[in-house]
Amino acid sequence: ALLIVFGAVFLTLYVWSVLERHPRTDDATARANVVGIAPRVSGQTIKLNVQDNQAVKKGDVLFEIDPEDYRLVLEKAKAELATVDRQLAQAQDTLHRMEPLLPHGFATAENVDQARTKVTTLQAQRESAIATINLEELHLSYCKVIAPFDGRVINLNISAGAHVTTGIPVFSLL
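Residues numbered from 1 in each chain as written. Predicted model: local features only at pLDDT ≥ 70, side-chain atom pairs only at ≥ 80, totals over all residues. Heavy atoms only, no water.

A. Main features of the side chain of Glu 64. For Glu 64, the location among the structural elements is in strand β4 (residues 61-65). Lys 47 provides the closest opposite charge to the buried, salt-bridge-free Glu 64, at an N-O distance of 4.4 Å. Residues within four places of Glu 64 in sequence aside, it is in contact with Gln 44, Thr 45, Ile 46, Lys 47, Asn 49, Cys 143 and Lys 144. (Helix = DSSP H or I, 4+ residues; strand = E, 2+ residues; numbered from the N terminus. Buried < 20%, exposed > 50% of the residue type's maximum accessible area, 1.4 Å probe, protein only. Lys, Arg positive; Asp, Glu negative; His and termini not counted. Salt bridge = Lys/Arg side-chain N within 4 Å of Asp/Glu carboxyl O. Contact = heavy atoms within 4.5 Å.)

B. The pattern of salt bridges, seen in detail. Inspection of every chain in the model, using the stated rule, returns four salt bridges. Linking Asp 85 and Arg 126 is a salt bridge whose minimum nitrogen-to-oxygen distance equals 2.5 Å. One end of the pair, Asp 85, is in helix α2 (residues 68-98); the other, Arg 126, is in helix α3 (residues 109-141), with 41 residues separating them in the sequence. For Arg 116, the salt bridge is made with Asp 113, and the minimal N-O distance between the two is 3.5 Å. Taken together, the positions of Arg 116 and Asp 113, both in helix α3 and three residues apart, correspond to about one turn of that helix. Overlapping salt bridges bring together Glu 99, Asp 113 and Arg 116 as one network.

C. Up close: the nonpolar core. Counting 19 residues, the largest nonpolar core has Ile 37, Val 56, Leu 62, Phe 63, Ile 65, Val 153 and Phe 171 as its most contacted members. Listing elements by their share of this core, those giving two or more residues are β4 and β8 (171-173). Counting residues per element, this core draws most heavily on β4, at three residues. Once residues lying within four places of it in the same chain are set aside, the contact partners of Phe 63 are Ile 37, Pro 39, Thr 45, Lys 47, Leu 48, Asn 49, Cys 143, Lys 144, Val 145, Val 164, Val 170 and Phe 171. One finds Ala 91, Leu 95, Ala 107 and Val 119 within the second-largest nonpolar core, a separate group that totals nine residues. (Core = buried A, V, L, I, M, F, W, Y, C linked by side-chain atoms within 4.5 Å.)

D. Representation of the sheet that holds strand β1 (residues 35-37). Taking strand neighbours across the sheet as the criterion, the four strands line up as β1-β8-β6-β3 in an open arrangement whose pairing is antiparallel. The strands lining the two open edges of the sheet, one partner per strand, are β1 and β3 (55-56). In this sheet, strand β6 (residues 151-154) lies alongside β3 in antiparallel orientation, the contact comprising two bridges. Directly across from Val 56, in β6, lies its bridge partner Gly 151. (Pairing = 2+ DSSP bridges.)

Given below as C-alpha cells:
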C-alpha cells in the first residue's frame, strides 16, 4: 500500500512538473489580419492565378476579369472625344470669322455671343470626355486584381468563368 501511495505521489509530481514546463490551454485564440479580396469592377473571371492556401506576394495578379466590355466603353469614349474635338475646332473657326465682322455691322452681337457660348460648351464637353476616358482607363486597369500585401489565400470558392460583382469578396487574404 505504501508503494502505491509513493508511486501516486511521484506520478502526481512528475505530471505537475511537465505541465509547469509546457503549459497548455483549451481557450487560447490566435488573431490574424484577414482581408476580403473584392474586385472593383464586375465581370466574368477569365483567369484565376491562385489556389486555396497558396502564398502570394504583394503585387501578384490574383485573378483577371474579362476586360473586353471596358475596352469597348473606352473606345467609345475616345470616339466621342474625337467628335467633340472636331466640333470645337469648327466652333472656334466660326467664332474667329465672326468676331472681326462685329465692329463693321456684318454680324450681330447675339450671333457672336452664341458662337462664344458654343465654344465654351464644347470645351466643357471636351473636359468631360477626357474625364470619362480617364475613368474608363481606370476601370480597365481594375480588371487585374492584385494582392495588396504578402499573405496566404484562404476561403477560395471561385473558378475561372465565374461572374464576380463589384465590392463583393470572392476570397480572403490572410
